[in-house]
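# Report on the structure
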Amino acid sequence: MSDKQYVVLTSEKQAKVFSLPSQTCSFKVKVTETSFVVAAEVVQINGTSALICYIANGHIVGYSLPSLRMVLDTAFLPLTDLRIARTFRISGMGHGLYMCSPTEIQKITYLTDICEHLNEMLGTLFLEVEMPEAPKPSFFEKPFQRGLWSA
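Residues numbered from 1 in each chain as written. Predicted model: local features only at pLDDT ≥ 70, side-chain atom pairs only at ≥ 80, totals over all residues. Heavy atoms only, no water.

## Quick word on the nonpolar core
This is how it is decided: Think of a nonpolar core as a cluster: buried Ala, Val, Leu, Ile, Met, Phe, Trp, Tyr and Cys residues, connected wherever their side-chain atoms sit within 4.5 Å. Summary of the burial criterion: residues with accessible area below 20% of their type's maximum are buried, those above 50% are exposed, and those between are partly exposed, where the area comes from a 1.4 Å probe applied to protein chains only. Numbered from the N terminus, helices here are DSSP runs of H or I no shorter than four residues, and strands are runs of E no shorter than two. Between two residues, a contact is recorded if the distance between any of their heavy atoms is within 4.5 Å.
In terms of nonpolar packing, the biggest core is built from 15 residues, with Ile 45, Ile 52, Ile 60, Phe 88, Ile 90 and Tyr 110 touching the most fellow members. At the level of secondary structure, the elements contributing two or more residues to this core comprise β4 (37-45) and β5 (48-55). If we skip the residues at most four places from it in the chain, Phe 88 touches Ala 39, Tyr 54, Ile 60, Phe 76, Leu 97, Tyr 98 and Ile 108. Val 17, Val 31, Val 61 and Leu 65 belong to the second-largest nonpolar core, a separate cluster that totals 12 residues.

The following block contains the structure:
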């Protein structure tokens with residue numbers, strides 16, 4: 001078997017790919033010079049691995065793995081609220097989410113082929129159900145309402 005294993009490390013400014021078990025740095029890239037990386041995640045996109053980074057200056061960048069070639073650079077939302085930094089999560093298949101307020105979750109997509117199917121992906125957090133009928137009066141309600149059992 002000739003499966004190669006890698007580990008990806010991301011700091012505030014750069015990302016490095018180390019090959020295992022030799023622990024040698026195979027590839028490295030400077031992600032940003034003037035800002036810092038808020039969140040980074042290795043995800044599977046169309047069967048290939050990629051490193052997706054959210055940078056505080058408002059860009060989402062993606063790098064192919066293990067070569068760290070830039071494959072995505074898109075403008076997003078500059079980091080203005082610490083809530084975004086604490087709750088921003090990147091998931092596979094081109095999705096991400098963060099809490100834009102204490103009660104609201106904002107979903108994003110960073111791939112164009114996902115944008116075409118966004119209307120099909122809309123969901124609700126609850127199911128609307130009709131109210132049930134009022135319960136029928138029980139046998140014991142009438143005597144207690146009239147006070148027949150009181151002293």
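## Concerning unusual backbone geometry
In the segment running from Leu 20 into Pro 21, the intervening peptide bond is cis, with an omega of 5 degrees. Of note, the bond from Leu 65 into Pro 66 is cis; its omega dihedral lies within 30 degrees of zero at 5 degrees. Of note, Pro 66 is situated in the loop between β6 (59-64) and β7 (70-75). Although it is not a glycine, Gln 23 sits at a positive phi angle of roughly 60 degrees. Tracing the backbone through its elements, the reader meets Gln 23 in the loop between β2 (14-20) and β3 (24-30).

## What to know about the environment of Gln 44
Note the threshold: Two N or O atoms count as a polar contact when they lie within 3.5 Å, although within protein this holds only if one can serve as hydrogen donor and the other as acceptor, and sequence-adjacent residues are included solely when both atoms are side-chain atoms.
Inspection of the secondary structure puts Gln 44 in strand β4. Classification of Gln 44 by relative accessible area gives partly exposed; the value is 44%. In the structure, Gln 44 is positioned 48 residues away from Gly 92 in sequence and 5.5 Å away in space, judged by C-alpha atoms. Discounting chain neighbours no more than four positions away, the residues touching Gln 44 are Ser 49, Gly 92 and Met 93. A distance of 2.9 Å separates the side chain of Gln 44 from the side chain of Ser 49, its partner in a polar contact.

## Some remarks on the packing of aromatic side chains
To keep it simple, the criterion reads: A pair of Phe, Tyr and Trp rings is counted when the ring centres sit within 6.5 Å of each other, with Trp represented by its six-membered ring. The angle between the planes then sorts it: under 30 degrees is stacked, over 60 is edge-to-face, the rest tilted.
Applying the stated rule across the entire model yields five aromatic pairs. Aromatic pair Phe 76 and Phe 88: ring centres 5.9 Å apart, planes at 55 degrees, arrangement tilted. Residue Phe 76 is located in the loop between β7 and α1 (82-87), and its partner Phe 88 is located in the loop between α1 and β8 (89-90); the two are separated by 12 residues in the primary sequence. For Phe 76, a relative accessible area of 26% translates into the label partly exposed. Here a set of aromatic residues connected by ring pairs shows up, and it is made of Tyr 54, Phe 76, Phe 88 and Tyr 98.

## As for the sheet that holds β3
Basically, it comes down to this: DSSP-based pairing: two strands are paired if at least 2 bridges between them are found. All axes here are fitted lines through C-alpha atoms, helices being fitted over the stretch that makes contact, and every angle between N-to-C directions spans 0 to 180 degrees.
The strand order across the open sheet formed by three strands is β1-β2-β3, and the pairing between neighbours is antiparallel. The outermost strands of the open sheet, each flanked by one partner alone, are β1 (5-10) and β3. Across this sheet, the average inter-strand angle for adjacent strands is 20 degrees, counted without regard to direction. With six bridges connecting them, β2 and β3 associate as antiparallel partners. Within β3, the residue paired with Gln 14 across the bridge is Lys 30.

None of the figures reported here should be taken as evidence of function without further support.
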